[in-house]
Amino acid sequence: MTGTDYHCPHCGAELRGDWRKGGSRPGGMPGCPYDGLAYAALRAGHDAIYFGPWRRIDAPPTEIRRGFHRIGRQPGRDRGELAGRDLPAAARDLDAALAALQAADPREERRDALRFMDNALSYAHRAIDDLLHEKGLPPHQPMDFAEWYDVVEVPFRDEW
């Protein structure tokens, strides 16, 4: 995909690709694919990780570690949105995300580190879906935003 990296002016997510596909705002600001959506920053943060280079089959160890640290920040963002809400399912999902992340530490050369990282991200995604469900909204579908990211395939997804 062509284009340069930029940060979304609304949610702060790092986006890649040709921003002209999403139109532009006055002053040449790129459009945001998450504009107007509930929990835009959580969705964008999740998708930036979901489509990140750590998920490529040939990802170098540095990208895997970077992905691990980015996943580690996502449950905290989700928990911030949950503050003051009575959503036990979302709280359980975030606890499961943290447990999977602890099992995934790529610095320890664990064989299943990538699988646990993927599980942690999936649990964080479920927490976002719980928030959306509370508002009566449909679940978040990352593939709806795939064109905005460099990695549009999740090559090892079906192997687990």
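Residues numbered from 1 in each chain as written. Predicted model: local features only at pLDDT ≥ 70, side-chain atom pairs only at ≥ 80, totals over all residues. Heavy atoms only, no water.

A.B. asks: Give a detailed account of the overall build of the protein chain, specifying residues and quantitative values.
C.D. replies: The helix and strand tally for the protein chain stands at four helices and two strands. Going from the N terminus to the C terminus, the protein chain shows its helices and strands as β-β-α-α-α-α. A burial count over the protein chain gives 44% of its 160 residues as buried. Of all intrachain contacts in the protein chain linking residues separated by at least 6 positions in sequence, the fraction that spans at least 24 positions is 61%. Total accessible area on the protein chain stands at roughly 8700 Å², and carbon and sulfur atoms take up 48% of it. (Helix = DSSP H or I, 4+ residues; strand = E, 2+ residues; numbered from the N terminus. Buried < 20%, exposed > 50% of the residue type's maximum accessible area, 1.4 Å probe, protein only. Contact = heavy atoms within 4.5 Å. Areas by Shrake-Rupley, 256 points an atom, 1.4 Å probe, with all protein chains shown as cover.)

A.B. asks: Which residues make up the packing of aromatic side chains, and what values go with them?
C.D. replies: Taken as a whole and judged by the stated rule, the model has two aromatic pairs. Between Tyr-34 and Phe-145 the ring centres are 4.4 Å apart and the planes differ by 15 degrees, which places this aromatic pair in the stacked class. Taken together, the residues Tyr-34 in the loop between β2 (14-15) and α1 (40-50) and Phe-145 in the segment after α4 (113-134) connect sequence positions 111 residues apart. Taken as a pair, Tyr-34 and Phe-145 share a single burial class, namely buried. Measuring from ring centre to ring centre gives 4.9 Å for Tyr-50 and Phe-51, while their planes differ by 90 degrees; the resulting arrangement is edge-to-face. Against the face of Phe-116 rests Arg-115, its NZ or CZ located 4.6 Å from the ring centre. (Phe/Tyr/Trp six-rings, centres within 6.5 Å; stacked < 30°, edge-to-face > 60°. Lys NZ or Arg CZ within 6 Å of the ring centre and 35° of its normal.)

A.B. asks: I'd like a description of the pattern of salt bridges, backed by residues and values.
C.D. replies: One pass over the structure, following the stated rule, counts seven salt bridges. Of the charged contacts, one joins Arg-85 and Glu-81 as a salt bridge, the two residues approaching to 4.0 Å between their closest N and O atoms. The residue Arg-115 makes a salt bridge to Asp-112 at a minimum N-O spacing of 3.1 Å. A residue is classified by how much of its surface remains accessible, and Arg-115, at 26% relative accessible area, is partly exposed. (Salt bridge = Lys/Arg side-chain N within 4 Å of Asp/Glu carboxyl O.)

A.B. asks: Any details on α1? Residues and values, ideally.
C.D. replies: Counting buried positions along α1 yields 10 of 11 residues, so the element is predominantly enclosed. Ala-40, Leu-42, Arg-43, Ala-44, Gly-45, His-46, Asp-47, Ala-48, Ile-49 and Tyr-50 are the residues of α1 that are buried.

A.B. asks: Before we move on, could you go through the side chain of Asp-47 and cite the residues and values that matter?
C.D. replies: Looking at where Asp-47 falls in the secondary structure, it is placed in helix α1. This buried residue, Asp-47, is left without a salt bridge; Arg-43 holds the nearest opposite charge, at 7.5 Å. Setting aside residues no more than four positions away along its own chain, Asp-47 makes contact with Tyr-34, His-140, Pro-142, Phe-145 and Tyr-149. (Lys, Arg positive; Asp, Glu negative; His and termini not counted.)

A.B. asks: A description of unusual backbone geometry should follow, citing residues and the corresponding values.
C.D. replies: The bulk of non-glycine residues show a negative phi, and the bulk of peptide bonds are trans. Phi angles above zero are rare outside glycine, and Tyr-39 is one such case at about 55 degrees. Note that Tyr-39 resides in the loop between β2 and α1.

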